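Examination of the molecular architecture
Listed below are the residues making up each chain.
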Amino acid sequence: MNKRPIVAIDGPSGAGKSTISKLLAERLGFAHIDTGAMYRCVALAALRRGIDPGDEAALGALSLALNIEFRRRDGEQRVFLDGEDVSAAIRTPEVSLLTSRVSSVAGVRDNLVELQRRMGERGGVVLEGRDIGTVVFPRAEAKFFLTASARERGRRRYLELRDKGLVVDLETTIAEVEARDAADSSRRHSPLAQARDAVLIDSTGLSIEEVVARMEALVGACRAGREEA
Ligand code: DC
């Protein structure tokens, strides 16, 4: 085996996956694939085309027809949908809400999982999502399940929204995080779950640097182990 490892980072929203995956990929010199952004692209396209969110066949067909790519621009990774940079457009509350529905459609998941496998199979990649270590790459060389308490994740989300100038209530935001966790963990297709062989990292009380350093050390140890083998 001589390919560079596949690093899988799963966990609930608000655990710090995006920031940490991006930093870890930079440190390792690996590509970074934000699979949530891919589900968001399907939701954005469905919204723009006026597709009924209940029409699973149409959503499945749509996910197959789209061209989703990650490209670097000015040192930053951006998401392109059919050639258009949609990095900002996929982050609106409307798209977030629809993404949660779109990502529970089996046909959409099948197509995106296939695409994610093609993007990552050569290794040297950090993939973040909900089902990377369990479904997309169950044989990934390094697997992490990154979490934090619902209170902490709710607090982070609250600060983020408040910084954007939105009027929000802390307890309501925490309750929303708990509701989303319950929905993500109980859905029929690929529910959020920790792979048995994933390293659990609880980021409550840890700095971003501490989490990245811990992951980098573990990926380094796994690479050293493979070279010896
Ligand atoms: O990580 P995020 O918030 O951008 O994810 C957006 C949505 O997509 C969220 O509802 C969870 C879902 N998702 C998923 O079901 N599977 C993935 N691998 C990644 C995201």
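The sections below set out a description of the structure shown in this document.

Conventions adopted
- Residues numbered from 1 in each chain as written.
- Predicted model: local features only at pLDDT ≥ 70, side-chain atom pairs only at ≥ 80, totals over all residues.
- Heavy atoms only, no water.
- Pairing = 2+ DSSP bridges.
- Helix = DSSP H or I, 4+ residues; strand = E, 2+ residues; numbered from the N terminus.
- Axes fitted to C-alpha atoms, helices over the stretch in contact; angles between N-to-C directions.
- Contact = heavy atoms within 4.5 Å.
- 1 Å grid on protein atoms, 1.4 Å probe; cavity = no way out; pocket = protein on both sides within 12 Å on 5 of 7 lines; lining within 4 Å.
- Points joined across faces, edges and corners; volume = space filled by probe spheres on them.
- Nonpolar A, V, L, I, M, F, W, Y, C, P; charged D, E, K, R; others polar.

Take the sheet that holds strand S6 (residues 125-129) next. Strand pairing within a sheet occurs via backbone hydrogen bonds; the two strands may be parallel or antiparallel. Overall, parallel pairing links the 5 strands, which are arranged S2-S6-S1-S7-S8 in an open sheet. The sheet is open, and its two borders are formed by strand S2 (31-34) and strand S8 (199-202), each paired with just one other strand. With strand direction ignored, the average angle separating the axes of adjacent strands in the sheet is 20 degrees. Where strand S1 (residues 6-10) lies against S6, 5 bridges are found, and the strand directions are parallel. Counterpart to Val7 in the pairing with S6 is Val126. Helix H9 (residues 208-228) rests against S1, strand S7 (142-147) and S8 of the sheet, and its axis sits at about 160 degrees to S7.

So, about the layout of surface pockets. When its volume is computed, the second largest pocket comes out at roughly 230 Å³. Lining the second largest pocket are Ala31, His32, Ile33, Phe70, Gln77, Arg118, Met119, Gly120, Arg122, Gly123, Gly124 and Val125. Listing elements by their share of the lining of the second largest pocket, those giving two or more residues are S2 and helix H5 (106-120). Looking at the lining of the second largest pocket, its residues break down into 5 nonpolar, 5 polar and 2 charged.

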